[in-house]
Structure formats: structure tokens, C-alpha cells
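Summary of structural features
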Amino acid sequence: MAVVGDLALMGTKISPNKLIGKLEKRVFVVPVSSSQKFSFSHARNLEIIKKSRIAVKAVMQMGLEKIQSSSELKSLKEGYLGFDVVTERELKENGFLGLRKTKLVCTIGPACCSLDELEKLALAGMNVARLNMCHNSREWHQDVIRKIKMLNQEKGYSVSVMIDTEGNQIQVVDHGSSSSVKAEEDSIWYFTTEKFEGSRPFTIQANYEGFSEGVNPGDEIVIDGGMATFEVIERVGNDLRCKCTDPGLLLPRAKLSFWRDGKLLGTDYDLPTLSTKDWSDIVFGISEDIDFIAVSFVKDADAIKHLKDYLATKSPKAIKVLAKIESLESLQRLEEIVEASDGIMIARGDLGVEIPLEQIPSVQEDITYVCRQLNKPVIVASQLLESMVEYPTPTRAEVADVSEAVRQYADALMLSGESAIGSYGMKALSVLRTTSTRMEQSCREENRQTLLHQRKLGVSLPDQIAEQICNCAVEMADNLGVDAIFVYTRHGKMASLLSRNRPNPPIFAFTNDSSTRMALNLQWGVTPLLTDLSDDMEANVKKTVQLIKAKGMIKTDDAILVVSDIIPFSTAQTIFQSIQVMTIA
């Protein structure tokens, strides 16, 4: 019988920091079949050598046996072997436990859209490139996507692509400039629905004819949640004449909200979540083989379900759908939206317009917690390092904000204007990388993983078994102080369940599905690797370990914990899930 099952370790107690003594490796085999029988089998004794956990700096590299394209063949010849060059470098420099686990998302804009700038961002740690469909032309987006894919295929990077839909944004304004415009205090501005090309001094176009309905003199217009504020002086037809009361930057396609006596003026335009333009952008995204779609202004789960049904019939790959939480409506239906989605983006800028500012920190923490409970990746976005749009150094408060998001175990952090239009995008990304790495180390030292009470998600017995295996696997990995967790997965399910538990060692997910690999780029602590997988679990482990060791990327006596959810394609074989612990001989 193949060694593919659950593991029960019995014997010497091992401290979290050292592997000490002899353990008998007992493999608890769990066949997930109609009979649901459980049996035990014993493997050979395993000598685990006492060694320090501090100085270990092993580097792993994974090979592709099944080459799917000429570009992958080129990568194989150049020695990348499916392991992205950035993670390889980080492992060489910092070792297993020094590998960054929080993923980084960068919004691509005019400041970073050249091939050279994109490669700099990739080399600096960008895991996902976000394209905001509010800005730029279809041809511009296509050019950026193809540049990113070229970097992945020819230079060994692994950067996923996300498009962010515009949504039915009624209250959007544009000053006609390709960059930001400064609004000075007491300057007079006109907000108009008149359509014209280019820009006019002190004039802003609104994208909806009825944008000023119900707005009175004395009301306030707040731009992008507080970037600048105007007081309405008078109505001129459908237009508004306003005075700037809080000076600030007006970004292209900025969002506005109306306030009266310190309260948000609610609007109910009863428009669908996805506009006609959004559907056109989605079709474009499918044709360009993107990896994620972030849906703006989600009101409930229905729009997410509808889009996922559409993608299931129109897209040849599994494109993941993220819901943006940026309104009071989405907060009121948070759990159903999280359950329907493949992930969540906390759009704090727009959310901060809809709820009191002082509630943002606790709401962010609540959303992050719900996402972990339901095993969905969560991105903390908007204004993380907003000052770095103009300045080369962040405020200390911004660094503290980033650290808190990492402490809450968000899967990813996102740059918006900092990278898209700012002058210091590379420095901003470096701040995210170094701050998240340092806070992860602090959290590991505090051993905070035990604070999460896991919600049971599995309905079927196989799903319940997979969930329990992953919960136990992470506890074992932390207690035994293993160097890494290897998970063999076709669709990423067990990799995400392992990530949900936020283990100390990094998770290396071996998959034979390219869309799974790119989707796992958003999961905390997971390094996805593309390789050929067979039904024979023992063969998979043996092959990958031999390839890694042959390249000198893992040391003798390094300890790894191996998990699998490989389901055989042959119906004649029994389905197994497993945990194994082994040292490299």
C-alpha cells in the first residue's frame, strides 16, 4: 500500500526549536472511499537528528518533468525549474523561516508600466499585479498583461494578474489630467456633467447626469474619502459651484461623496453591481488569461455567484473572483459575500466614507478574521503608504498601520496610487516587504497561531478529513520545528487549508495545474510550484525531493512535513490523503 494517509506521531516530546531523539514514523492511512474504513500501517524508523533551527538556510528548487510550452522549456534550461527567482533569492539570503509569507499586490499605472519597471517590481517581491479598469485604454492594459506574462515565461518570475472592475460608480469625477491636480484652499471649482475633451482650469467632470440631485448649498463634497473637501456654494442647473475648504490632491477618476451636517448623504440608484463596461472588461480579461477579477461595489452575494457561473462556462481556466468590501451594504452581508467569493479585498478608502473613520481598524480586523474562518484570502488595500505618492519616506503611522495588518494575518497588502502614479513605487514596495517580514518574525516569536479558534468548514467526510489533517499538520509542523511543509495538490484545497492555520515553516505547494499555481500566489505563506504529478504519492515525493536535493537546494537532515490531497484519476485506485514527516538523507 502506498504511504498516503494521515499520520500519528508517538514518542519523545520535541521542543518547537529543536528536533531531538528518535521517533517512530507511524502512518495513519485514511482511505476516502465508500466503505470509509480506517487502517494503520508502519513505516521504517526515522532518526531525527538534533540540530539548531536558527542557522538553517536551505534553498529549494523544483523541476518540471512535463514541459507545457517552449517558454517553460527555456526556463528549465536556464535552471529555474518552476521555482520563481525571487523566492529562490529570498531563501538563499534568509533560509526557510526567513521567507516572507505576506503577499504583496501592486497597482500598475503610468509610473510603472514599462517592461523595466515591471521587472523591478517583480524582483522586489510583487506577487500580484493589479490593473484598475477605471483608468487607461484597453490597449494599454493588454500591453501590460503581456509584458508580465513575458517576464514570467522568459525570466522565471511568478506574478499573477488581477483586473479590478470599475463598477457602477455614480459619483466619479475627472479633471481631465493624466496625473494628480492640487486643489488649493479657498479656490473655486465647478463640478459639471458637461462632456469635453482634455482639461479646463478649476473644472471637474462628473460621470452621471443626476449626480447633484438632492444636494444643497452648504453641503460638503469629499474627494476619495478625504483627499480634499469642497463646500457647495450654489447650484447652476445640474452643476455645482464649490469652494475648496480642505486642500489636497485630486487624482484622475476620483470618487466623491456628499455630506450634510457630518452625515453621509445616501443614494439609491438601484444599478447592477456589474455594468456593461465591466462585462466587456471581464471578456477582455478572459481572452488575456488573467488570474483574478476583483469586483467593485459588491452589494450581496448574487453578483459574485452570477460572475462565477459565467466564468465556469466561458473561461478555459479557473479565474478567481474577489469581492471588494467598500460599502455599508457589503458589511451588512459580509459573511454571505465571503462565502460566495474566492477572496476579499478590504477597500478602506471607500469604506471610510461610508462608516465613521474610528471604526475602520476594528472593521478591518473583523473582516480579516471572518476570511480566515471561512478560508478565503484577504487583501488589505487603500492608503497603506499614501504619503509615498509624493514623498520618499512613509510616516511612522503608516508603517504601524502596515504592521497591524500583518499582525492580523492578512494574506496580502496592496499598493494603489503609491505604485501606479507615485514617484517612489519601488521604495513603497520595499517598505511593505521589510515591514511585513519583520512583523512576521515578531508574530512567530510570540507564537500567536494558537489564538485562532477554527470554524469547521467541511460538509462531506472527505472534506472534514482534509480539514482535520491540515489542522493537525500545522500543529505538528510547529511543535516539531520542521524546516518546511510540502503539499501535493491539484486544485490547491489543502494548500489553502494549511495557509489558514498560519504555520511557522513555509508551505511549498506542488501542483500540475498552472491556474492553481497562479491562484495560490495570493495565499499567505504558500510558494506554489508547477510540476507533473502522478497518482503514486510515494513517487511524487521521491521525485521532487531528488530533484531538489540534486540542485543543492535542501540539506541533508533537513526535516519536512509532507501533505497530499492528490485524488487518483483512475477509479480503480483508492483515494488517500496524508501526512508524512521525513528527514532528508
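Everything in this summary refers to the structure shown in the same document.

Conventions used here
- Residues numbered from 1 in each chain as written.
- Predicted model: local features only at pLDDT ≥ 70, side-chain atom pairs only at ≥ 80, totals over all residues.
- Heavy atoms only, no water.
- Helix = DSSP H or I, 4+ residues; strand = E, 2+ residues; numbered from the N terminus.
- Buried < 20%, exposed > 50% of the residue type's maximum accessible area, 1.4 Å probe, protein only.
- Contact = heavy atoms within 4.5 Å.
- Areas by Shrake-Rupley, 256 points an atom, 1.4 Å probe, with all protein chains shown as cover.
- Disulfide = S-S within 2.5 Å.
- Salt bridge = Lys/Arg side-chain N within 4 Å of Asp/Glu carboxyl O.
- Expected span 1.5 Å × (residues − 1).
- Pairing = 2+ DSSP bridges.
- Axes fitted to C-alpha atoms, helices over the stretch in contact; angles between N-to-C directions.
- Parallel < 35°, antiparallel > 145°, perpendicular 65-115°, else oblique.
- Left-handed = near helix turned anticlockwise from the far one by under 90°.
- Nonpolar A, V, L, I, M, F, W, Y, C, P; charged D, E, K, R; others polar.
- Phe/Tyr/Trp six-rings, centres within 6.5 Å; stacked < 30°, edge-to-face > 60°.
- Lys, Arg positive; Asp, Glu negative; His and termini not counted.
- Polar contact = N/O pair within 3.5 Å; in protein donor to acceptor, adjacent residues only side chain to side chain.
- Core = buried A, V, L, I, M, F, W, Y, C linked by side-chain atoms within 4.5 Å.
- Patch = residues over 30% accessible without salt bridge, like charges linked within 9 Å, V, L, I, M, F, W, Y side chains within 5 Å.
- Charge placed at Lys NZ, Arg CZ, Asp CG, Glu CD.
- Arc of directions from axis to C-beta.

It is worth spelling out the overall build of the protein at this point. In terms of regular secondary structure, the protein is built from 17 helices and 29 strands. Considering the protein as a whole, with its 585 residues, one finds that 56% of them fall into the buried category. Taking the contacts inside the protein whose residues are at least 6 apart along the sequence as the reference set, 70% of them involve residues at least 24 apart. Counting only carbon and sulfur atoms, one obtains 51% of the accessible surface of the protein, whose full area is about 24,500 Å².

Okay, the state of the cysteines next. Per the counting criterion, the structure on display carries zero disulfides. Here Cys 112 stays free of any disulfide, with the sulfur of Cys 113 as its closest cysteine sulfur at 6.8 Å. Judged by relative accessible area, Cys 112 falls into the buried class, the value being 3%. Here Cys 472 stays free of any disulfide, with the sulfur of Cys 470 as its closest cysteine sulfur at 9.4 Å.

Right, let's get into the pattern of salt bridges. With the rule as written, the count across this model stands at 24 salt bridges. Across the salt bridge formed by Arg 348 and Asp 401, the nearest N and O atoms sit 2.9 Å from each other. Of this pair, Arg 348 sits in helix H9 (residues 348-354) while Asp 401 sits in helix H11 (residues 396-407), and the two are 53 residues apart along the sequence.

Quick look at helix H10 (residues 360-373) now. Helix length check: H10 (14 residues) gives 20 Å between terminal C-alpha atoms against 20 Å at 1.5 Å per residue, within 8%. Those residues of H10 that fall on the buried side of the exposure criterion are Ile 360, Val 363, Gln 364, Ile 367, Thr 368, Val 370, Cys 371, Arg 372 and Gln 373. Positive backbone phi, approximately 60 degrees, marks Asn 375, located one or two places after H10.

Read around the closed barrel, the eight strands follow the order E7-E8-E9-E20-E21-E22-E23-E24; overall the barrel is parallel. Neighbour-to-neighbour, the strand axes of this sheet turn through a mean angle of 25 degrees, independent of strand direction. This element, helix H13 (residues 425-446), spans strand E7 (103-107) and strand E24 (412-415) of the sheet and lies at about 165 degrees to E24.

For the pair H11 and H13, interaxial distance at closest approach is 9 Å and the crossing angle is 45 degrees. Relative to H13, the element H11 lies oblique. Two packed elements cross with a definite hand, and for H11 against H13 that hand is right-handed. On the side of H11, the interface is formed by Val 399, Val 402, Ser 403, Val 406 and Arg 407, while H13 contributes Val 431, Leu 432, Thr 435, Ser 436, Met 439, Glu 440, Ser 442, Cys 443 and Glu 446. Of the residues belonging to the contact of H11 with H13, the class tally is seven nonpolar, four polar and three charged.

As a further point, take the packing of aromatic side chains. Throughout the structure, instances matching the rule amount to ten aromatic pairs. Their ring planes at 70 degrees and their centres at 6.2 Å tell us that Trp 189 and Phe 230 sit as a pair that is edge-to-face. In this pair, Trp 189 sits in strand E12 (residues 188-192) while Phe 230 sits in strand E15 (residues 228-236), placing the two residues 41 residues apart along the sequence. Judged on exposure class, the residue Trp 189 and its partner Phe 230 are both buried.

For the rest of this paragraph, the subject is the side chain of Glu 418. With respect to the helices and strands, Glu 418 occurs in helix H12 (residues 417-420). One buried charge, Glu 418, has no salt-bridge partner; the nearest side chain with opposite charge is Arg 348, at 7.3 Å. A polar atom in the side chain of Glu 418 sits 2.7 Å from the backbone nitrogen of Ser 416. When neighbours within four sequence positions are excluded, Glu 418 is seen to be in contact with Gln 383, Leu 384, Leu 385, Glu 386, Val 389, Tyr 424, Gly 425 and Ala 428.

Time to look at the nonpolar core. Counting residues in each nonpolar core, the largest one holds 73 residues, and the members touching the most others are Ile 108, Ile 293, Ile 344, Leu 385 and Leu 413. A total of six residues in this core trace back to one element, the largest contributor, which is H13. Among residues more than four places away in sequence, those in contact with Leu 413 are Thr 102, Lys 103, Leu 104, Val 105, Ile 379, Val 380, Leu 384, Val 402, Ala 405, Val 406, Leu 432 and Ser 436. Ala 466, Val 487, Leu 497 and Ile 507 belong to the second-largest nonpolar core, a separate cluster that totals 25 residues.

Looking now at a negative patch on the surface. Together, Glu 185, Asp 186, Glu 220, Glu 231 and Asp 246 line one region of the surface with negative charge. Relative to the assigned elements, Asp 186 resides in the loop between strand E11 (181-183) and E12.

What follows deals with the pairing of E12. As paired strands, E12 and strand E16 (residues 239-246) are joined by four bridges and run antiparallel to one another. Residue pairing in the sheet places Ile 188 in a bridge with Lys 243 of E16. Of the pairings in the sheet, the one linking E12 to strand E13 (residues 203-206) comprises three bridges and is parallel in character. When the sheet's bridge partners are listed, Thr 192 is paired in E13 with Gln 205.

If you trace the backbone, Asn 132 turns up in strand E8 (residues 128-132). Along the sequence, Asn 132 and Gly 109 sit 23 residues apart, while their C-alpha atoms lie 8.4 Å from each other. Ignoring sequence-local partners within four residues, the contact set of Asn 132 consists of His 141 and Asp 164.

Our next topic: H11. End to end, H11 covers 16 Å across twelve residues, agreeing with the expected 16 Å (1.5 Å per residue, within 8%). Those residues of H11 that fall on the buried side of the exposure criterion are Glu 398, Val 402, Ser 403, Ala 405 and Val 406. When H11 is viewed along its axis, its buried side chains cluster within an angular range of 160 degrees and face the same direction. H11 presents Arg 396 and Ala 397 as exposed residues on the side facing more than 90 degrees away from its buried surface. Contacts from the buried residues of H11 go to H10, strand E23 (378-381), E24 and H13.

A few words now on the packing of helix H3 (residues 115-123) against helix H4 (residues 138-155). Two numbers describe how H3 lies on H4: the axes approach to 10 Å, and their chain directions differ by 55 degrees. Here H3 lies oblique to H4, going by the angle between them. In the crossing of H3 with H4, the sense of the turn from one axis to the other is right-handed. Facing Leu 115, Leu 118 and Glu 119 of H3, the residues of H4 in contact are Val 144, Lys 147, Ile 148, Met 150, Leu 151 and Lys 155. By residue class, the composition of the contact of H3 with H4 is six nonpolar, no polar and three charged.

Most of E7 is tucked away, with five of its five residues classed as buried. In this sheet, E24 lies alongside E7 in parallel orientation, the contact comprising four bridges. From the neighbouring strand, Val 105 faces E24, where its bridge partner is Met 414. As defined by bridge partners, E7 adjoins E8 across three bridges and the pair is classed as parallel. Note on E8: the bridge partner recorded for Val 105 is Val 128.

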